[in-house]
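# What the coordinates show
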Amino acid sequence: MLDYNVLIEKAINAREMAYAPYSNFKVGAAVLTDDGSIYTGCNIENASYGATNCAERTAIFKAVSEGYTTIKAIAVIGDVNSYTYPCGICRQVMVEFAESSDMPIFIVKNKNEYIKTTLEEILPGSFGKKDLEKA
Ligand code: THU
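For the protein, the name recorded in an unreviewed UniProt entry is Cytidine deaminase, with Clostridium frigidicarnis as its organism. One UniProt comment on the protein, placed under Function (unreviewed entry), says "This enzyme scavenges exogenous and endogenous cytidine and 2'-deoxycytidine for UMP synthesis." UniProt, in the comment section headed Sequence similarities (unreviewed entry), describes the protein in these words: "Belongs to the cytidine and deoxycytidylate deaminase family."

Okay, here's the thing in structure tokens:
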């Protein structure tokens, strides 16, 4: 579990960088790539609201833009002292880059308290590249 503890701590630290002047809801995320490197992200809001990017997608897009298109795990922490689950758009982006449907997702409350779930659990019956390959 050592890698996952590091992942969780990096998500917590990434939340410090959140740009959330509109919602004041800070989110941090960290993804583990298939070569063992970790990319972090925070939510980045916009005055238009709609151009806001979630912490999970920031982390995933940073990894992908550096050449890592396979993600082995993700940790996310929201602002309040409870468990914040990824939004629907972020779940769909995870489907695109997750190593498998049983990829672990850590929903973090704090360093010592987190829920370990999987992509299949939070987005069952997902649509993905496998469906397009059938066409
Ligand atoms: N947010 C995330 O960063 N990740 C989620 O999974 C849920 C929502 C952000 C977007 C916005 O900046 C703020 O939380 C309030 O919705």
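### Regarding a negative patch on the surface
The grouping of D34, D35, E99, D102, E120 and E121 at the surface amounts to a negative patch. Structurally, the position occupied by D102 is in the loop between α3 (88-97) and β4 (104-110). Taking the relative accessible area as the measure of exposure, D102 reaches 53% and is therefore exposed.

### Observations concerning α3
In an α-helix there are 3.6 residues to a turn, and that puts residues three or four apart on one side. When α3 is considered as a whole, its buried residues turn out to be C90, R91, V93, M94, V95 and F97. At its buried positions, α3 is contacted by α2 (55-65), β3 (71-77), β4, α4 (119-122) and α5 (129-133).

Scoring rules and cut-offs
- All chains use their own residue numbering, which begins from 1 and follows the written sequence.
- Local features are withheld for residues below a pLDDT of 70 in this predicted model, meaning they are given only at 70 or higher, and side-chain atom pairs are given and counted only at 80 or more; totals for whole chains, interfaces and linings count all residues.
- Side-chain measures were taken over the full set of non-hydrogen atoms in the model, leaving aside hydrogen atoms and water.
- UniProt positions are given in the numbering used here, feature names are shortened, and annotations may be inferred rather than shown by experiment.
- A patch is a set of surface residues, each over 30% in relative accessible area and not in a salt bridge, joined within 9 Å for like charges and within 5 Å for the nonpolar side chains Val, Leu, Ile, Met, Phe, Trp and Tyr.
- Throughout, the Shrake-Rupley method with a 1.4 Å probe supplies accessible areas, and for residues the shown protein chains are the sole cover considered.
- When a carboxyl oxygen of Asp or Glu is within 4 Å of a side-chain nitrogen of Lys or Arg, the pair counts as a salt bridge.
- The sign given to each residue is positive for Lys and Arg and negative for Asp and Glu; His and the chain ends receive no count.
- Each charge is placed at NZ for Lys, CZ for Arg, CG for Asp and CD for Glu.
- Secondary structure elements follow DSSP: runs of H or I of four or more residues count as helices, runs of E of two or more count as strands, with numbering from the N terminus.
- The classification of residues rests on relative accessible area computed with a 1.4 Å probe and restricted to protein chains. Under 20% of the type maximum is buried, over 50% is exposed, and intermediate values are partly exposed.
- Any pair of residues with heavy atoms lying within 4.5 Å of one another is described as a contacting pair.

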